[in-house]
Every structure is written in structure tokens, then in C-alpha cells.
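Survey of secondary and tertiary structure
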Amino acid sequence: MEATSPEGPGAPQLQAQGAAGAFASLLRRIKGKLFTWNILKTIALGQMLSLFICGTAITSQYLAEKYKVNTPMLQSFINYCLLFLTYTAILAFRSGSDNLLYILKRKWWKYILLGLADVEANYLIVRAYQYTTLTSVQLLDCFGIPVLMALSWFILHARYRVVHFVAVAVCLLGVGTMVGADILAGRENNSGSDVLIGDILVLLGASLYAVSNVCEEYIVKKLSREEFLGMVGLFGTIISSVQVLIIEYQDIANIHWDWKIALLFVAFALCMFCLYSFMPLVIKATSATSVNLGILTADLYSLFFGLFLFGYKFSGLYILSFTVIMVGFILYCSTPMRTAEPAESSVPSVTVIGIDNLGLKIEENLQETHSEDL
């Protein structure tokens with residue numbers, strides 16, 4: 001009997017069908033890994049935070065260009081006051097270890113440092129625009145991401161995989177594309193008086209943001225969201241009020257107040273308050289690094305609004321930049337990080353059995369053997 005030859009007229013068609021089936025299976029696996037409900041929820045929450053940041057940027061720019069009002073510390077002070085009135089008040093009415101006085105007695109100096117880092121990070125980034133270019137701020141602000149990853153490695157014991165570093169590189173490539181689009185559109189021409197000072201301010205501000213975000217992730221995951229926001233609201237209000245009186249007293253006195261300026265201040269404060277209130281929820285569900293990658297699109301949202309409000313020029317590179325950043329963000333979220341747990345002792349625990357306990361153990365074994373025989 002002759003064996004049937006595998007090579008026949010239908011063999012190429014079967015091979016093509018097999019290759020198509022393998023490719024379809026690969027696409028299903030990729031879809032199941034990259035487009036899960038958790039990843040889609042993370043993307044939506046990250047873009048919501050980007051919109052809040054966009055709201056703060058648009059209102060600040062409108063105050064500066066339309067009404068010549070440049071008071072970043074006053075705007076931050078209003079936000080810290082809202083946090084104080086909301087979350088610090090919640091802590092004041094709690095009991096036990098969550099009570100405001102109990103927290104202050106044990107950790108007051110830690111939260112002073114945290115409040116100082118958060119206030120100065122906000123101030124330094126905004127102040128840097130007066131010295132350096134928009135391009136420098138956008139590029140150097142990304143310095144906070146590797147700082148954040150390094151702090152998470154040592155403080156939170158986060159352990160990254162190769163895919164996480166690739167995803168961060170893809171996101172930074174998207175930021176570079178956005179900066180290139182800004183250069184082509186001519187948005188980088190407003191260089192300040194001293195570029196070096198501005199660049200140093202951006203690096204310091206980005207580093208302080210990283211410190212604040214790592215502390216936020218630790219407090220939110222180990223303690224509570226209300227404790228973080230309440231303490232930042234308390235000490236942020238105190239520190240920013242002192243800084244407002246020292247630095248921006250004259251600028252505030254020169255403001256010609258009307259309902260439009262007041263409305264812009266309110267809009268900024270509400271956007272910042274929502275950003276601070278929702279960011280701990282997103283960080284608790286993901287991580288501080290993931291959140292910082294997701295909000296890289298905030299500048300693009302600001303640009304899209306600026307097309308109508310400030311007459312910005314549009315470039316197709318902005319769409320490419322948004323796409324690249326989102327691809328990197330999805331890639332980062334597709335693979336969970338692992339946490340390095342302290343090594344447990346390999347020596348088994350010693351169990352001491354007394355004479356009475358040994359007798360009871362023998363009796364139990366005899367009863368079990370007898371029941372099995374029956």
C-alpha cells in the first residue's frame with residue numbers, strides 16, 4: 001500500500017489557512033492582553049486627570065495673557081484651602097489613629113516636608129516659564145519620570161520589567177514628537193531672560209513632583225487617601241500663605257478685580273481640587289509612574305483648546321505625538337509590576353509538642369485508622 005504524500009494540490013491552501021489561523025490567534029492574545037477592562041479604565045482615568053491639568057493650564061494662561069495676572073502661588077493657595085476645608089476637616093472628626101491630632105503628634109515633621117515639596121514643585125514649574133522656553137519645560141519636565149521610577153524602586157520596592165522601560169521610552173518619544181511640532185509651529189519663540197536658571201528650576205520642580213508622588217502612593221496604599229489630602233491641605237495652606245505674602249503681595253495688589261478674573265480663579269481652583277482629589281484614586285489602582293505617563297497628554301489637550309482660544313497653529317505631528325504616548329501608556333499598563341518582598345526565613349518553624357499533646361495526637365491517629373478500616 002502506498003502512503004499518501006503530504007504534498008498535494010491542497011497543501012498550499014492548508015498552509016495559508018494555518019498561517020491565517022495562527023495570526024488571528026496572535027491578534028486575539030494581543031487584544032486580550034492590551035485591551036482589558038482594567039487597562040481601559042486606567043486609560044480613561046488618566047485622561048480625566050489630563051483634562052483637569054489642561055483646565056489649570058488654560059485658565060492660568062488666560063489670566064496671564066488676557067488680564068496680565070501672574071500669581072501662581074495665590075492660585076495654589078486657594079486649592080490648598082479647599083483641601084484643608086474638605087479633607088483636614090474630615091480627619092478632625094475621625095477617632096483613633098485616623099484622628100488629626102493623633103497623626104500630627106506622630107508624623108507632623110514628615111508631612112511638613114511633604115507639604116513643602118508639593119508647594120515648591122508647583123511654584124518652580126510655573127516660575128520656570130519666565131526664564132526658559134516652552135520647549136525646554138516640556139522636555140525637562142519628563143526628568144521627573146526616571147526620578148520617580150528610581151524612588152519607587154528604593155522606597156516602594158517596585159520591580160520593573162523590560163516592557164516597562166520600553167514603554168517609558170515610547171512615551172518620551174511621543175513627547176519629543178510634540179516638542180518637534182511646537183518648534184515647527186513656532187510656539188518656542190518666547191524665550192525668557194535666563195535659560196539656564198529656567199532649566200534648573202524645571203529639573204528641581206520635576207524632582208520635587210517625583211518625591212511628592214512617591215509619598216502619595218505610599219500613603220494612599222498603606223494608610224488612606226484622606227490622610228494624604230488632609231495633611232497636604234493643612235501644611236500646603238500654611239506654607240503657601242507665607243509664600244504669597246512674601247513673593248506675590250505686590251502682584252496681588254495690582255490686580256484689577258472683576259467677575260471674569262474671579263471666575264477664572266474659581267475655575268483654576270476647582271480643576272486643581274479635582275486633580276488632587278482624584279489622583280490618589282488612580283494611583284491606588286495603578287501606580288504613580290503609570291499616572292505620570294498618562295498625564296503626558298495634558299499638553300496636547302491644552303494645545304487643542306489653544307487652537308480656538310489663543311490662535312495656535314495646528315500640526316499633524318500633534319496627532320502622531322498623542323498616538324505614540326497612548327501606545328506607550330497602554331504598553332506600560334499591559335504588564336503589572338512586581339513588588340520585592342522581604343526574603344522569608346528558609347528555616348522551618350519549630351513546633352514543640354508536650355507529652356500530653358503527643359498522647360492526644362497518637363489517640364487521634366488511632367481513631368482515624370480505625371474509622372478507615374470500618
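Scoring rules and cut-offs
Residues numbered from 1 in each chain as written. Predicted model: local features only at pLDDT ≥ 70, side-chain atom pairs only at ≥ 80, totals over all residues. Heavy atoms only, no water. Helix = DSSP H or I, 4+ residues; strand = E, 2+ residues; numbered from the N terminus. Buried < 20%, exposed > 50% of the residue type's maximum accessible area, 1.4 Å probe, protein only. Contact = heavy atoms within 4.5 Å. Areas by Shrake-Rupley, 256 points an atom, 1.4 Å probe, with all protein chains shown as cover. Phe/Tyr/Trp six-rings, centres within 6.5 Å; stacked < 30°, edge-to-face > 60°. Salt bridge = Lys/Arg side-chain N within 4 Å of Asp/Glu carboxyl O. Axes fitted to C-alpha atoms, helices over the stretch in contact; angles between N-to-C directions. Parallel < 35°, antiparallel > 145°, perpendicular 65-115°, else oblique. Left-handed = near helix turned anticlockwise from the far one by under 90°. Nonpolar A, V, L, I, M, F, W, Y, C, P; charged D, E, K, R; others polar. Expected span 1.5 Å × (residues − 1). Bend = angle between axes of the 7 residues up to and from the residue. Polar contact = N/O pair within 3.5 Å; in protein donor to acceptor, adjacent residues only side chain to side chain. Patch = residues over 30% accessible without salt bridge, like charges linked within 9 Å, V, L, I, M, F, W, Y side chains within 5 Å. Core = buried A, V, L, I, M, F, W, Y, C linked by side-chain atoms within 4.5 Å.

Turning to the overall build of the chain, a few remarks are in order. A tally of helices and strands in the chain yields 15 helices and 2 strands. Within the chain, buried positions represent 42% of all 374 residues. Within the chain, counting contacts between residues at least 6 apart in sequence, those at least 24 apart form 88% of the total. Accessible area for the chain stands at about 21000 Å²; split by element, carbon and sulfur atoms hold 66% of it.

Summed over the entire model, instances satisfying the criterion amount to 8 aromatic pairs. A ring pair is formed by Tyr62 and Tyr67, whose centres lie 6.5 Å apart and whose planes are at 55°; its orientation type is tilted. Residue classification places Tyr67 among the partly exposed positions, given a relative accessible area of 23%. Considering the side-chain rings of Trp153 and Tyr160, the 6.5 Å spacing of their centres and the 20° angle between planes classify their relative orientation as stacked. Classification of Trp153 as partly exposed rests on a relative accessible area of 33%. Among the aromatic residues, those joined into a ring-pair cluster are Trp153, Tyr160 and Phe165.

Right, let's talk about the environment of Asp118 for a bit. Structurally, Asp118 is set in helix H4 (residues 100-128). Asp118 sits 114 residues away from Val232 along the chain, and the two C-alpha atoms are 7.9 Å apart. Apart from the residues within four sequence positions on either side, Asp118 is in contact with Tyr80, Ser212, Val232 and Tyr276.

Tallying each qualifying case throughout the model produces 4 salt bridges. Glu226 serves as the salt-bridge partner of Arg225, at 3.7 Å between the closest nitrogen and oxygen. Across the pair, Glu226 and Arg225 agree in class, each one buried.

Where helix H3 (residues 72-92) contacts helix H9 (residues 225-247), the two axes come as close as 7 Å, and the packing angle between them is 140°. Overall, the two elements H3 and H9 adopt an arrangement that is oblique. In this structure, H3 meets H9 at a crossing whose hand is left-handed. Per-class residue counts for the contact of H3 with H9 are 15 nonpolar, 8 polar and 3 charged.

It is worth spelling out the side chain of Gln47 at this point. Its place among the elements puts Gln47 in helix H2 (residues 37-67). Classification of Gln47 by relative accessible area gives buried; the value is 10%. With residues up to four places along the chain from it excluded, the contact list for Gln47 reads Gly294, Thr297, Tyr301, Phe322 and Met326.

A few words now on helix H11 (residues 259-285). For H11, with 27 residues, the first-to-last C-alpha span of 39 Å sits near the 39 Å given by 1.5 Å per residue. Remark: the principal bend of H11, roughly 25°, maps to Phe278, with a proline, Pro280, within the next four residues. The residue sitting at the N-terminus of H11 and contributing the capping side-chain oxygen is Asp258; that oxygen lies 3.2 Å from the backbone nitrogen of Lys260.

Glancing now at a nonpolar patch on the surface. Judged by side-chain polarity, Ile238, Val242, Leu245, Ile246, Ile247 and Tyr249 come together as a nonpolar surface patch covering roughly 640 Å² of accessible area. The greatest single-element share of the nonpolar patch, amounting to 5 residues, is contributed by H9. Among the structural elements, Tyr249 can be located in helix H10 (residues 249-253).

This part covers the side chain of Asn213. Within the fold, Asn213 resides in helix H8 (residues 195-222). Since its relative accessible area comes to 8%, Asn213 is described here as buried. Residue contacts for Asn213: discarding those within four places in its chain leaves Leu148, Met279, Ala288 and Asn292.

Time to look at the nonpolar core. Ranked by size, the top nonpolar core spans 44 residues in total, and within it Leu49, Leu83, Tyr111, Met231, Val232, Tyr276 and Val291 carry the most contacts. Going through the elements one at a time, H2, H3, H4, helix H6 (144-155), H8, H9, H11 and helix H12 (288-294) are the ones with two or more residues in this core. Aside from chain neighbours lying at most four places away, what touches Tyr111 is Ile103, Ile219, Leu223, Glu227, Met231 and Phe235. Formed by 26 residues, the second largest nonpolar core is a distinct cluster that contains Tyr160, Leu303, Ile325 and Met326.

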